[in-house]
Amino acid sequence: MARSTHRIDVHQHLVPAFYRDALAASGIDEAGGRALPDWSAESALEFMDLMGIAAAVLSVSTPGVGFLTDPEEAAGFARRLNDHTASLVAEHPARFGQFATLPLPDVKNAAAEAARVLDELGADGVTLLANNRGTYLGAEGQEPLWQVLNDRRAVAFVHPAELPAPPVDDIPPFAADFLLDTTRAAYLLVRNGVVRRYPDIRFILGHAGGFVPYSSHRMALTIANDTGRSPLDVLDDFRSFYFDTALSSSPAALPTLLAFAREGHVLFGSDWPFAPAPAGQYFANGLDTGVDATTLAAVDHLNAGLLFPRLASGTRPPVSAAPVSTRLRQSAQRAAARLAFKLVQPGTD
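Residues numbered from 1 in each chain as written. Predicted model: local features only at pLDDT ≥ 70, side-chain atom pairs only at ≥ 80, totals over all residues. Heavy atoms only, no water.

1. A few points about the packing of aromatic side chains
Point 1. According to the stated counting rule, one finds 11 aromatic pairs in the structure shown.
Point 2. With a centroid separation of 6.1 Å and an interplanar angle of 75 degrees, the aromatic rings of F203 and F241 are classed as edge-to-face. In this pair, F203 sits in strand 10 (residues 202–205) while F241 sits in the loop between helix 9 (231–239) and strand 11 (242–244), placing the two residues 38 residues apart along the sequence.
Point 3. Residue F203 is classed as buried on the basis of its relative accessible area, which comes to 3%.
Point 4. Using a relative accessible area of 0% as the deciding quantity, one classes F241 as buried.
Point 5. With a centroid separation of 5.1 Å and 80 degrees between ring planes, the pair formed by Y282 and F283 is classed as edge-to-face. (Phe/Tyr/Trp six-rings, centres within 6.5 Å; stacked < 30°, edge-to-face > 60°. Helix = DSSP H or I, 4+ residues; strand = E, 2+ residues; numbered from the N terminus. Buried < 20%, exposed > 50% of the residue type's maximum accessible area, 1.4 Å probe, protein only.)

In structure tokens:
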């Protein structure tokens, strides 16, 4: 199947220099067990050209601004991050979108910043870490934020954070804990009725929803037993989420995701730069070769285009002005990635 050349990437991160410096000043040099990657707008665009990504919605990954314990300092730093990202979008309106950072667990300031970025900056949505210093999405007391997002039919990108528990030796958080963190948040958003009371919020769960598709029926029966609700209604609430394919379009995970998600609710994601280019290429190849052309077009850009009409208007990137040497290098990288993907697939015996 031909490689896509007009993807919309809903899971791509930025790491501005001033953000990296602030993390370093607090003794933080990694996120989820991975060293903070180098990032620039130029390197992002180069990666996007390599991957056939026409547009990417940028977000700040964990820890967001949660490393700042003073509420007003965290709120001010979130505003700085959001204003910076908005300026990048203004410079590259056809290539970049923005999921704004919110200063949770401070609900009051988070609701105020959500209203500001959506109403004044024109952000494409907001980023919500699954837990913020141990407080999960879906916990009590978050109603003002949900109301702001629901009133604006906002897109809310749910990204994992490190679990509020000691890490386990030799298991980096991004490898397994992140998936549980997202699942916990999804569970509470459904169990405590948030997705049902605020149906106009479009929640996107990163990394194919963690364990949600795989364990959805088990969780639905548990919630039904706990609350007296119909398990079918609970399953319907879990299926109301959108899911991205970041690090998840493997021959094992992708069929489960597509079997569970509602039509139109699976979106392309790369997780760059925390997932390096070879990892992004590996999972993109899983998508390119694992579904039919109609499904591929839907996941690559059509589904995201309905959520982000502004980005859908330019779903083919401009003709590359890269030097011949760059184009040849990228072509070789793509060929190598396709070969690597084929070589590591499990056998049939």
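2. Examining the environment of L188
Point 1. Its location among the elements puts L188 in helix 6 (residues 177–191).
Point 2. Beyond its immediate chain neighbours, meaning those up to four positions away, L188 contacts Y136, L137, G138 and G193. (Contact = heavy atoms within 4.5 Å.)

3. Topic: unusual backbone geometry
Point 1. With omega at 15 degrees, the peptide bond leading from L104 into P105 counts as cis.
Point 2. Within the secondary structure, P105 sits in the loop between strand 5 (96–101) and helix 4 (107–121).
Point 3. Here W272 and P273 are connected by a cis peptide whose omega angle stands at 5 degrees.
Point 4. Along the chain, the position of P273 falls in the loop between strand 12 (266–267) and helix 11 (277–290).
Point 5. You will see that R133, though not glycine, has its phi angle at about 55 degrees, which is positive.
Point 6. Position of R133 among the secondary structure elements: in the loop between strand 7 (131–132) and strand 8 (135–136).
Point 7. Backbone geometry places L247, a non-glycine residue, at a positive phi of 60 degrees.

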